[in-house]
Amino acid sequence: MTQAAIDLRRLAGRDVGRAARLTAEAHAAALSGKPPAVPPRPEIGASWERMLRRGVDPERAVRPRPLSSAELAERRQRSHLTEVLPLLRDGLVSVAESAQHIMVVCDADGVVLWREGHQSVLRHADAIGLAPGADWREATSGTNGLGTPLVARRPVQVFSAEHFVRAHHRWTCSGAPIIDPRDGRLLGVVDVSGLLDTLHPAMLKLVESVAKLAEAELRARHLRGLDRLRSVAAPLLARIGGRAVAVDEEGWVAAVTGMAPVDRLPLPRTLSAGPVRLGPLGLCSAEPLPGGWLLRPALRPHAGVARLRLDLSEPGRPSLTVAGEVGSWTHDLSPRHAELLFLLAGEEAGCSAGALAEAVFGDAGRRVTVRAELSRMRRYLGELLEHRPYRFREGTGVEVVLPEDRSALLPHSLAPAVVRARVGTAPRR
């Protein structure tokens, strides 16, 4: 077997020392611009390329000021990961302690929210700044088991010198993203990390399995909450003679009367009882319910002038803001919807389902998939998204905000048109 054919992760399970030496040689070659004798795994090579483009210093990680105790407490409270922290602890902390590892959980910004595990390893983690409130994005800490899964949106194990920053080469880390099962939004990463001589090759699979259990628990909690709200709202909706909808505190619809059902309504960040303007519904009255709101539209949706702002500036956090005569609202986008809106923004004349399927999947035959996604998008865009062909309504202003580094445009996307756009011209209207 040639060195080029060696699977470093499998080798590490048999001979940690040799695997670490080969990985260090590949790391040194990448920094010098020379072809390595043993190439890095694809996800690690892609991360190293991002680090080199960003100018991350392999000799010294950037260490932004950690969050204060109050700031950290606020982040923990806002995070949906709080709901599944007991499950993550049950699934991983005892295993981590036995294996001389620690469990670390970060949010979608790469900020460490919690860490638990073996006491001696926690002290080693302090030495490299792997502590609650610290920023472990790739851009600040290089290739690592928290920041890299955030970008890749899939489980990643980072072994020894696969870490871009040399100070982290003593570590092995296995991280898996946790995705909000309701809308595909990235919530954060759960990771199990330890020193090199405690590597266990099965750790990544364990972490991935527990992350999937956490996603299933989030979905079950969401459905139970909607069921409770529906039981409260149903008698009220039965007595209403017009349009009304009951939503939870994040806008997910539990029950509706007198209007077409939708999955979710975008709500303002702060909502109080009384009149409120919602993009899809116009002027409404809001009445609090246990666990949500009763919204009663006073006017039919208005089709006046609108402006869309597609914000792709922060990798992994795409959003859409719609501003018009009835106010403005912001909607967090799933990766697929971000791709489609980005492509439509560059096609003022519109696109057929086949053309979009070709641009997204490289296969014009996947029209049905594209039509299904666009139908879901129309639930929150309404008349702003036309079809035959698919395009934004005439007169709608569209602004696309790109990341400063064009190569960071929708980094998770494998859509051929997006891959080309990373080195080409972005859509503008």
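Residues numbered from 1 in each chain as written. Predicted model: local features only at pLDDT ≥ 70, side-chain atom pairs only at ≥ 80, totals over all residues. Heavy atoms only, no water.

*Asks:* Sorry if this is basic, but what is going on with the UniProt feature "domain: GAF" (unreviewed entry) in the chain here?
*Replies:* According to UniProt, the "domain: GAF" (unreviewed entry) feature falls on residues 100–218. For residues 100–218, the helix share is 29%, the strand share is 30%, and the end-to-end C-alpha distance is 29 Å. (UniProt positions renumbered as here; feature names shortened; annotations may be inferred. Helix = DSSP H or I, 4+ residues; strand = E, 2+ residues; numbered from the N terminus.)

*Asks:* Can you walk me through the packing of helix α10 (residues 335–345) against helix α11 (residues 353–361) in this structure?
*Replies:* Packed helices, taken two at a time, are described by the angle between their axes plus the distance between the axes. Interhelical geometry of α10 versus α11 gives an angle of 120 degrees and a closest axis separation of 11 Å. With respect to each other, α10 and α11 are oriented oblique. Note that α10 runs across α11; the crossing there is right-handed. Note on element contacts: α11 touches α10 through L356, A359, V360 and F361, opposite R336, E339, L340, L343 and L344. Residues that form the contact of α10 with α11 fall into these classes: seven nonpolar, no polar and two charged. (Axes fitted to C-alpha atoms, helices over the stretch in contact; angles between N-to-C directions. Parallel < 35°, antiparallel > 145°, perpendicular 65-115°, else oblique. Left-handed = near helix turned anticlockwise from the far one by under 90°. Contact = heavy atoms within 4.5 Å. Nonpolar A, V, L, I, M, F, W, Y, C, P; charged D, E, K, R; others polar.)

*Asks:* Whenever I open this one, the nonpolar core confuses me. Can you help?
*Replies:* Buried together is how nonpolar side chains tend to be arranged in soluble globular proteins. Ranked by size, the top nonpolar core spans 38 residues in total, and within it L320, L341, F342, L356, L374 and L381 carry the most contacts. With seven residues, α10 is the largest single contributor of residues to this core. Non-local contacts of L374, meaning those with residues more than four positions away in its chain, are made with L340, L344, L356, L385 and Y390. Counting residues in each nonpolar core, the second largest holds 23 residues, with L72, M103, V105 and A176 among its members. (Core = buried A, V, L, I, M, F, W, Y, C linked by side-chain atoms within 4.5 Å. Buried < 20%, exposed > 50% of the residue type's maximum accessible area, 1.4 Å probe, protein only.)

*Asks:* Is there a simple way to explain the sheet that holds strand β1 (residues 101–107) in this structure?
*Replies:* Across a sheet, strands are paired by hydrogen bonds formed along the backbone, either parallel or antiparallel in direction. The strand order across the open sheet formed by five strands is β2-β1-β5-β4-β3, and the pairing between neighbours is antiparallel. With one partner strand each, in any of the chains shown, β2 (112–117) and β3 (156–159) form the two edges of the open sheet. Averaged over neighbouring strand pairs, the angle between their axes works out to 15 degrees when direction is ignored. Judged from the four bridges that link them, β3 and strand β4 (residues 171–179) form a sheet pairing that is antiparallel. Bridge pairing in β4 places F159 opposite T172. Sheet strands touched by helix α4 (residues 69–78): β1 and β2. Its angle to β2, the strand with the most contacts, is close to 90 degrees. Seen against the sheet, helix α6 (residues 119–127) touches β1, β2, β4 and β5 (186–195) and runs at an angle of roughly 145 degrees to β2. (Pairing = 2+ DSSP bridges.)

*Asks:* Help me out: how do you make sense of the pairing of β2 in this one?
*Replies:* Across a regular strand the side chains alternate sides, sitting on one face of the sheet and then on the other. Most of β2 sits inside the fold, with five of its six residues counted as buried. From the end of β1 to the start of β2, which pair antiparallel, there are four residues, and G110 there has a positive phi angle of about 80 degrees.

*Asks:* Help me out: how do you make sense of the side chain of S319 in this one?
*Replies:* Within the secondary structure, S319 sits in strand β12 (residues 319–324). Residue class for S319 comes out buried when judged on its relative accessible area of 12%. In contact with S319, not counting residues within four places along its chain, are R309, L310, D311, T330, H331, D332 and L333.

*Asks:* Quick question: what am I supposed to make of unusual backbone geometry here?
*Replies:* Trans is the common state for peptide bonds, and a negative phi is the common state for residues other than glycine. Cis geometry marks the peptide bond from R388 to P389, where omega comes out at -5 degrees. As for its position among the elements, P389 is in the loop between β14 (385–386) and β15 (391–392). Positive phi, normally seen in glycine, also occurs at R153, with a value near 55 degrees. One can find R153 in the loop between α8 (147–152) and β3. The backbone of L410 shows a phi angle near 40 degrees, a positive value even though the residue is not glycine.

*Asks:* Which parts of the structure should I look at to understand the environment of E373?
*Replies:* The residue E373 is located in helix α12 (residues 367–381) in this model. Judged by relative accessible area, E373 falls into the buried class, the value being 18%. Measuring from C-alpha to C-alpha, the distance between E373 and R336 comes to 7.9 Å, with 37 residues separating the pair along the chain. Look past the residues within four positions of E373 in its chain and what remains in contact with it is R336, H337 and L340.

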